[in-house]
Amino acid sequence: MYDPKHWSGMAKRRWAMTVDLARCTGCSACVTACYSENNIPTVGAPHQGRALGPGFPDSHWDTRPGANIVKGREMSWMRIERYFEGGEGNETTFDGSFETRFTPMLCQHCGNAPCEPVCPVYATYHSPDGLNVQVYNRCVGTRYCSNACPYKVRYFNWFGFGEPARRQYAFPEPLNWQLNPDVTVRGKGVMEKCTFCVQRIREAEHRAKLEGREVRADEFTVACAQACPSRAITFGDAADPAWTVAKLAQDRRAYHVFEELNTFTAVVYLKKVNHPGGSVIASGAAPAGETR
Amino acid sequence: MAARDYDKDGVPYRTNIASADIPLPAVTDYGQVDREIAGTLTPSFGWFGALGVAVLLFLWGAGVWTYQIYWGLGNAGYAPPVMWGVYIITFVFWVGIGHAGTLISAILYLFRAGFRTTIYRCAEAMTVFAVMTAGLFPIIHIGRPWKFFWLIPYPNWRLIWPQFKSPLVWDVFAILTYLTISSTFLYVGLIPDIATLRDRERNPVRKQILAVLSFGWRNSDREWRNFTRAYLFLAAFSTPLVLSVHSVVSFDFAMALAPGWHTTIFPPYFVAGAIFSGIGMVFTIIIPIRRFFHLQHYVTLNVIDAAAKLCLFTSMVVGCAYIMEFWVAWYSGNAVEQDYFWNRVFGQWWWAAWIMLICNCILPLSLFSQKLRRNTIWLFGLSLFINLGMWFERFVIVVPSLSHEYEPWQWTHYAPSWVDISLLVGSFGWFFMWFLLFIKQLPVIAISEVKEIVPPKMLHAHGGHGAHAVPVTAHGAASQGGAH
């Protein structure tokens with residue numbers, strides 16, 4: 001949980017997120033919203049793989065569709081992880097214990113981030129309002145931050161996905177028209193990751209400043225939270241009790257992923273509570289209490 | 001019994017060789033030393049052929065690197081989250097190679113281990129070129145290699161400094177320090193030998209160059225006094241680097257949070273592995289050199305035998321470290337760590353782990369046999385397996401950890417691409433290009449130090465100065481050798 005007394009709680013605000021796994025249907029609307037909000041390149045087209053250079057136009061060296069996907073180079077800053085439980089040993093006819101669980105995984109904006117101290121050039125650092133910031137211009141691409149990250153939510157530009165002159169360019173006409181002008185397009189050789197839609201945070205702060213007031217609770221939200229049809233994702237300032245996220249983060253179902261690593265994450269997951277003996281409706285039993 | 005006292009070169013051997021005192025019975029006078037060692041500097045067709053191959057491999061690697069810089073690192077085999085691959089493995093491999101050179105030239109010098117005398121020059125040159133090779137790989141590895149200088153704390157008007165908490169910045173300091181000290185140490189040790197070459201040189205241009213390089217060495221008592229002081233100082237200065245440089249390299253892994261990396265055993269484990277791999281490389285280099293240059297009576301079987309014992313010892317230290325890693329993983333009770341180690345040896349990466357274990361721990365046990373320690377064919381073959389095994393040790397450290405971390409969703413596989421392999425091969429071309437150029441320009445065995453262990457001819461018996469006449473006379477031939 002966010003601890004204002006902890007050393008990482010330096011500033012007035014602590015941007016945070018809750019993800020209610022009981023509400024998540026795994027529809028991936030958040031992933032799509034993230035792609036379009038943050039100009040994330042798609043990497044699966046045949047021309048985006050490697051080939052033997054401009055002198056070898058007909059080369060089929062790893063220009064199969066999805067060559068980069070097979071190598072795990074998808075850039076989705078947010079991904080839906082699926083984990084299956086139960087039904088073991090009987091994979092064709094699942095019994096009642098079989099279940100699929102979804103975990104939307106994104107940068108956890110750790111208060112004690114393992115990625116930050118390892119970057120030799122300060123390309124990733126901690127902002128005073130709790131964001132784990134990635135400075136694309138400063139990044140030299142050592143990829144050490146990704147090795148240190150236990151959540152594996154950092155993505156590298158293996159090719160010039162954002163550079164129009166390159167064959168790997170991810171936004172050829174007309175896709176370039178959907179690029180978000182508030183967000184940069186990254187060049188090759190740099191690391192990128194979820195920013196907590198920092199452009200939206202700054203926009204809200206600037207608007208509030210122009211209007212001579214504080215940012216109001218739940219005044220704005222991030223792209224994934226905005227797109228979520230079941231409202232599983234809530235974003236806001238966990239240090240200010242007026243925000244919804246601050247209340248949700250106190251929920252009894254709340255937990256942090258890999259809490260034992262002392263990363264003090266800003267993303268709080270609300271556990272999906274299962275009732276023993278299958279569906280509540282089917283069994284007609286009263287809802288079970290806290291099972292955590 | 002008598003037949004066992006001498007080997008086929010007429011060099012006496014004992015069942016247990018004291019490494020402190022290794023005589024060279026087939027080397028009788030200073031003129032012979034000058035003649036035979038300086039004689040190795042004449043180029044041969046075989047040398048030109050080897051150099052040609054090395055340069056070709058280097059050019060291939062350089063071309064492929066250019067290609068990779070132009071298109072992007074996606075041409076290498078990286079499969080996230082395996083974000084480090086062949087380049088970091090090869091970086092650690094080459095840094096490790098360097099360590100045996102400094103161990104042999106500096107630490108064994110301080111410990112007065114006699115067997116170092118005829119192999120240290122070769123090992124020290126290997127160190128310098130290995131560090132030069134290693135230093136390229138972090139640059140090859142990064143996404144924007146043209147910005148590599150951002151890792152160096154240089155003054156700039158934006159007042160941005162590197163992140164001093166990052167082990168990669170420590171690496172920059174460690175590698176640059178190591179390169180500076182080891183090349184200085186190599187060069188200082190060469191000065192009397194360069195003077196010998198100067199005195200033998202007939203070409204006036206080359207003679208002038210050698211005169212400058214030898215700082216006008218005049219072979220005076222005062223020069224020798226300063227030289228031996230400086231050499232001792234540099235040896236003492238290099239000694240901690242043998243331990244510190246690879247400790248810092250190990251921090252690249254130990255400071256990160258990945259299972260299998262985040263352990264305190266890494267610094268000693270890496271240092272032992274580095275020395276072990278370096279001795280393997282010394283054998284790979286010195287055995288062909290002593291054969292093709294006919295230096296068997298300098299690099300005697302006793303020398304090889306003593307070095308092989310060091311190899312055996314470090315092999316067992318490395319083996320002990322492997323066992324400790326497994327034991328600690330089990331004892332920690334950390335499920336992620338245990339799962340990772342199981343996966344390393346019996347799961348996805350079993351083949352890499354067993355190449356490592358067989359080459360580094362099992363095959364070197366053959367060196368318990370003195371017969372095999374003195375069999376150069378066996379040692380040469382074994383040294384190739386050690387090189388292979390130590391490359392795979394770094395593979396086993398880097399890749400399986402990243403491919404099997406905390407996040408089951410992000411478990412993956414990794415395979416190098418042709419670009420990775422080309423740059424690995426190109427690095428060998430680059431290394432051997434420098435080494436081959438070195439052995440035809442400068443003596444591969446330290447002429448002046450060999451003269452110290454050859455009994456001097458007592459031409460001038462000075463009754464009053466008997467106590468220190470011997471060392472002075474011994475060095476005295478360093479530049480007078482030109483008379484022959």
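Residues numbered from 1 in each chain as written. Chains lettered and ligands numbered in written order. Predicted model: local features only at pLDDT ≥ 70, side-chain atom pairs only at ≥ 80, totals over all residues.

J.: Residue-level account of the overall build of chain B, with values.
T.: Helices and strands together make up the secondary structure of chain B, namely 16 helices and zero strands. In terms of overall dimensions, chain B is globule-like: its C-alpha atoms have a radius of gyration of 24 Å, near the 23 Å expected for 484 residues. C-alpha extents for chain B along the principal axes are approximately 80 × 65 × 45 Å. Expressed as a percentage of its 484 residues, the buried residues of chain B come to 48%. (Helix = DSSP H or I, 4+ residues; strand = E, 2+ residues; numbered from the N terminus. Rg over C-alpha atoms; globule rule 2.2 N^0.38 Å. Buried ≥ 20, exposed ≤ 12 C-beta atoms within 10 Å, placed from the backbone.)

J.: For the overall build of chain A, give the residues involved together with the corresponding values.
T.: Of the regular secondary structure elements, chain A holds eight helices and 10 strands. Taken over 292 residues, chain A has a buried fraction of 42%. In chain A, once contacts between residues fewer than 6 apart in sequence are set aside, the share between residues at least 24 apart is 64%. (Contact = placed C-beta atoms within 7 Å.)

J.: So what's going on with the interface of chain B and chain A? Residues and values would help.
T.: Frequently, the measure chosen for interface size is the accessible area removed from exposure when the parts meet. With 38 residues of chain B at the contact, the number on the chain A side is 34 residues. Counting residues per element, the ones that place at least two in the side of chain B that touches chain A are helix H2 (45-71) and helix H5 (167-200) of chain B. Counted by class, the side of chain B that touches chain A contains 25 nonpolar, eight polar and five charged residues. (Nonpolar A, V, L, I, M, F, W, Y, C, P; charged D, E, K, R; others polar.)

J.: An account of the confidence of the model for chain A is requested, with residue identities and associated values reported.
T.: Here chain A shows a mean pLDDT of 86. Residues at 70 or above account for 83%. Contacts from residues 280-292 of chain A, a stretch scored under 50 in pLDDT, to residues over four places away or in other chains number 15 contacts. (pLDDT = per-residue confidence, 0-100.)

J.: I'd love a proper account of the environment of phenylalanine 435 of chain B, names of residues and values included.
T.: Residues and elements named next belong to chain B. By the secondary structure assignment, phenylalanine 435 is in helix H14 (residues 418-441). With 409 residues separating them in the primary sequence, phenylalanine 435 and alanine 26 have C-alpha atoms 27 Å apart. The residues touching phenylalanine 435, leaving out its near neighbours within four places in the chain, are Ala125, Met126 and Phe129.

J.: Which residues make up helix H13 (residues 376-403) of chain B, and what values do they have?
T.: A rise of 1.5 Å per residue sets the reference length of H13 of chain B, with its 28 residues, at 40 Å; its end C-alpha atoms lie 40 Å apart and thus fit the reference within 8%. The sharpest bend along H13 of chain B comes to roughly 25°, located at phenylalanine 395 of chain B. (Expected span 1.5 Å × (residues − 1). Bend = angle between axes of the 7 residues up to and from the residue.)

J.: Now, about the sheet that holds strand E9 (residues 254-255) of chain A: what can you tell me, with residues and values included?
T.: All names here are of chain A. Taking strand neighbours across the sheet as the criterion, the four strands line up as E8-E1-E10-E9 in an open arrangement whose pairing is mixed. Edge positions in the sheet fall to strand E8 (233-237) and E9, since each of these pairs with one other strand and no more. With four bridges connecting them, strand E1 (residues 15-20) and strand E10 (residues 267-270) associate as parallel partners. Its bridge partner lying in E10, methionine 17 is registered against valine 267. (Pairing = 2+ DSSP bridges.)

J.: So what's going on with the nonpolar core? Which residues, and what values?
T.: Ranked by internal contacts, the top residues of the largest apolar core, which has 205 residues, are Cys224 of chain A together with Ile119, Met126, Val282 and Ala307 of chain B. Sort the elements by how many residues they give to this core and helix H3 (residues 86-110) of chain B lands first, with 16 residues. (Core = buried A, V, L, I, M, F, W, Y, C linked by C-beta atoms within 7 Å.)

J.: With reference to specific residues and values, describe unusual backbone geometry.
T.: All names here are of chain A. The linkage connecting glutamate 173 with the following residue, proline 174, adopts the cis geometry, with an omega of 5°. Its location among the elements puts proline 174 in the loop between strand E6 (154-156) and strand E7 (191-193). Backbone geometry places lysine 152, a non-glycine residue, at a positive phi of 55°. Within the secondary structure layout, lysine 152 lies in the loop between helix H4 (144-148) and E6. With 22 C-beta atoms packed within 10 Å, lysine 152 lands in the buried category. The phi dihedral of phenylalanine 258 is positive, around 50°, even though this residue is not glycine. Looking at the element boundaries, phenylalanine 258 is found in the loop between E9 and E10. Judged by C-beta crowding, with 16 C-beta atoms within 10 Å, phenylalanine 258 ranks as partly exposed.

J.: Lay out the pairing of E8 of chain A in plain terms, naming residues and giving numbers.
T.: Residue and element names in this part refer to chain A. The buried fraction of E8 is high, at five of five residues. When E1 meets E8, the two strands line up antiparallel, connected through five bridges. Bridged to methionine 17 within E8 is phenylalanine 235.

J.: Describe the environment of leucine 179 of chain B, with residues and values.
T.: Residues and elements named next belong to chain B. As for its position among the elements, leucine 179 is in helix H5. Since 18 C-beta atoms lie within 10 Å of it, leucine 179 is described here as partly exposed. Separated by 44 residues in the primary sequence, leucine 179 and glycine 135 have C-alpha atoms spaced 8.9 Å apart. Leave out the neighbours within four places in its chain, and leucine 179 touches Val131, Met132 and Gly135.

J.: Give a description of the packing of helix H4 (residues 120-141) of chain B against helix H8 (residues 266-292) of chain B that names residues and reports values.
T.: Residue and element names in this part refer to chain B. Running from N to C, H4 and H8 cross one another at 130°; their axes reach a closest spacing of 10 Å. Between H4 and H8, the angle falls in the class oblique. H8 is crossed by H4, and the crossing has right-handed handedness. Judged by residue contacts, Cys122, Ala123 and Met126 of H4 engage Met281, Val282, Ile285, Ile286 and Ile289 from H8. A class-by-class count of the residues in the contact of H4 with H8 yields eight nonpolar, no polar and no charged. (Axes fitted to C-alpha atoms, helices over the stretch in contact; angles between N-to-C directions. Parallel < 35°, antiparallel > 145°, perpendicular 65-115°, else oblique. Left-handed = near helix turned anticlockwise from the far one by under 90°.)

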